[in-house]
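Structural overview
Given next are the chains, with one letter for each unit.
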There are 2 protein chains.
Amino acid sequence: MTEPTWMYENFEPAGSAIGYRITRKLDEVQSPFQKIEIFESTDWGNVMLIDGAMMLTTRDNFLYHEMMSHPALFTHASPKRVVIIGGGDCGTLREVLKHPDVESATQCDIDEQVTRMAEKWFPELCDSNGDKRAELLFDDGIAYMANCPAGSVDIVIVDSTDPVGPAEGLFNKAFYESCFRALKDDGILVQQSESPLVLLDLIKEMRGEMGKAGFTTFQTLPFPQPCYPTGWWSCTLARKSGGFDYRVQDARAKTFKTKYYTADVHQGATASIPFVAEALGGA
Amino acid sequence: MTEPTWMYENFEPAGSAIGYRITRKLDEVQSPFQKIEIFESTDWGNVMLIDGAMMLTTRDNFLYHEMMSHPALFTHASPKRVVIIGGGDCGTLREVLKHPDVESATQCDIDEQVTRMAEKWFPELCDSNGDKRAELLFDDGIAYMANCPAGSVDIVIVDSTDPVGPAEGLFNKAFYESCFRALKDDGILVQQSESPLVLLDLIKEMRGEMGKAGFTTFQTLPFPQPCYPTGWWSCTLARKSGGFDYRVQDARAKTFKTKYYTADVHQGATASIPFVAEALGGA
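Residues numbered from 1 in each chain as written. Chains lettered and ligands numbered in written order. Predicted model: local features only at pLDDT ≥ 70, side-chain atom pairs only at ≥ 80, totals over all residues. Heavy atoms only, no water.

1. Considerations on the interface of chain B and chain A
- Between chain B and chain A, the contact holds 41 residues from the first and 41 residues from the second.
- Taking both partners together, chain B and chain A bury about 3,100 Å²; carbon and sulfur atoms supply 63% of that area.
- At the boundary of chain B and chain A, one finds two salt bridges.
- Between Arg-21 of chain A and Glu-12 of chain B there is a salt bridge whose closest N-O contact spans 2.5 Å.
- Our count for the contact surface shared by chain B and chain A stands at 12 residue pairs in polar contact (both at pLDDT 80 or more).
- Those elements that provide at least two residues to the side of chain B that touches chain A are β1 (5-11), β2 (16-30), α1 (61-75), α8 (263-269) and α9 (274-279) of chain B. (Contact = heavy atoms within 4.5 Å. Buried area = accessible area lost by both parts, 1.4 Å probe. Salt bridge = Lys/Arg side-chain N within 4 Å of Asp/Glu carboxyl O. Polar contact = N/O pair within 3.5 Å; in protein donor to acceptor, adjacent residues only side chain to side chain. Helix = DSSP H or I, 4+ residues; strand = E, 2+ residues; numbered from the N terminus.)

Shown next, in the form of structure tokens:
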């Protein structure tokens, strides 16, 4: 047994860092797109890093995966067709497939190695990969959305890394236009939108690009996520029109288990926070 | 100008770390109780460390100070007499004094040097120290509560460091008995209660000790706090009897500014979180 050591991710844009006490490196692969590493930690289970950035830990990933999926799925009146762009660890897919209404969910991640590493080191996240409603593609998500039949999708979830490297093209007008086209009129686009404490400029810019693509209403939901910079993260929902009232009775009566998400947690995440609203211009 | 470097706090009980990019050390003092250091950071303003643990930054302390005070003050029907044990940086005192109903607020911190450092490096937190309702004592908070006239206090806020070192005696039955005695029948005890993600055992133990001292109802409110381990923190409220319905109309109509706290944020923080409720035995 090696002596535990500390491993840090210095998040340069925010001037803050996150770290874990680790016991050993379990695995490493350099894919055509990025370097994926798996570490064993003393308290957080396994930890996945992509190009040196913390992606997920066994212990805390449920926060992110539940909040990337359930608020949108309970906001849509009847989500049948879901597309996940990125999401190679399969954790978001698993949450989406907990909804019995969902008839098909396609996960399109450019990097097959992320899924192979998840199957090996985070098998619990891949529980639903064999679900007959699930389709796993390893392809360019930008091209996938561009080629998606118009008006064919209820929800697009963009579960990507930060807007640098392979994921950069998932944060601009051209990509959002493809999503807009692919979504039905009552569809919802969801994107991970970084830390509401330090990256409000990014959230504002993202909403701006979404707006240029035609989306008219936005909702940013914050949630705790210790393995990401500042420990406080968010997702942003966008719609062609209409609001974000969610199916509160259905959320209360949900037939599946969650560790963080509930109807009340959903409601709580919708609370307007003064300093956030001010930075986003009253949104 | 020195080249920025990274400074980390390794939080051993959780196996996780927090760090900031700093430019220089601004100040340092070894008080009779602890070592207090002030650093200048690139993105977070000034950072105070006590015995190597991050205490506050200019940028994010409002989250903690607002949540340690306003939920309790808007839960109490008419908070006139408030005691803060610890809280030497004066940020909680400032928030408490925003409530016009408060007639007197005593802050009792064992370490005068914390307040002197706050006055120098976080002057905005000390804005209300000259308020005629404020009393600043530098004395043993355990003795202060033990000598408090019975039934004289509406709210006791325990704004302390972690339960090791000088603050250890603020997390046990004997101290809580003093608080119980000093509080009026409708009084509220508030204590910072660490990270709800990793320190649920501590929260459970704290509630247990509070219960042995006579408190019967408890409410743990989570909130984001990037400079503390995991970035997700909490406070726990305890009452002799009765619930935690808060004065929602008064909170909505509050006459002072906040950056995080609102009536809706308060409501959101009361949402039961499945994994927390399970760990706390349904609480």
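2. Describing the layout of surface pockets
Residue and element names in this part refer to chain B.
- The calculated volume of the largest pocket comes to roughly 460 Å³.
- Gly-86, Asp-109, Asp-159, Ser-160 and Thr-161 are the residues nearest the centre of the largest pocket, which is lined by 34 residues in total.
- Every element with two or more residues in the lining of the largest pocket is listed here: β4 (46-50), β5 (53-57), α1, β6 (81-86), β7 (104-109) and α4 (141-147).
- The dominant element in the lining of the largest pocket, judged by the number of residues it contributes, is β5, at four residues.
- Broken down by class, the residue content of the lining of the largest pocket amounts to 18 nonpolar, nine polar and seven charged. (1 Å grid on protein atoms, 1.4 Å probe; cavity = no way out; pocket = protein on both sides within 12 Å on 5 of 7 lines; lining within 4 Å. Points joined across faces, edges and corners; volume = space filled by probe spheres on them. Nonpolar A, V, L, I, M, F, W, Y, C, P; charged D, E, K, R; others polar.)

3. Regarding the pattern of salt bridges
- Overall, the coordinates contain 36 salt bridges over all chains when judged by the stated rule.
- Note that Arg-116 of chain A is salt-bridged to Glu-112 of chain A, the shortest N-O span being 2.7 Å. Taken together, the residues Arg-116 of chain A and Glu-112 of chain A, both in helix α3 (residues 112-121) and four residues apart, mark about one turn of the helix.
- Glu-112 of chain A sits in the partly exposed class, given a relative accessible area of 34%.
- Between Arg-133 of chain B and Asp-131 of chain B there is a salt bridge, and its shortest N-O distance comes to 3.0 Å.
- Taken together, the shared-partner salt bridges connect Lys-25, Glu-28, Lys-35 and Glu-37 of chain A into one network. (Buried < 20%, exposed > 50% of the residue type's maximum accessible area, 1.4 Å probe, protein only.)

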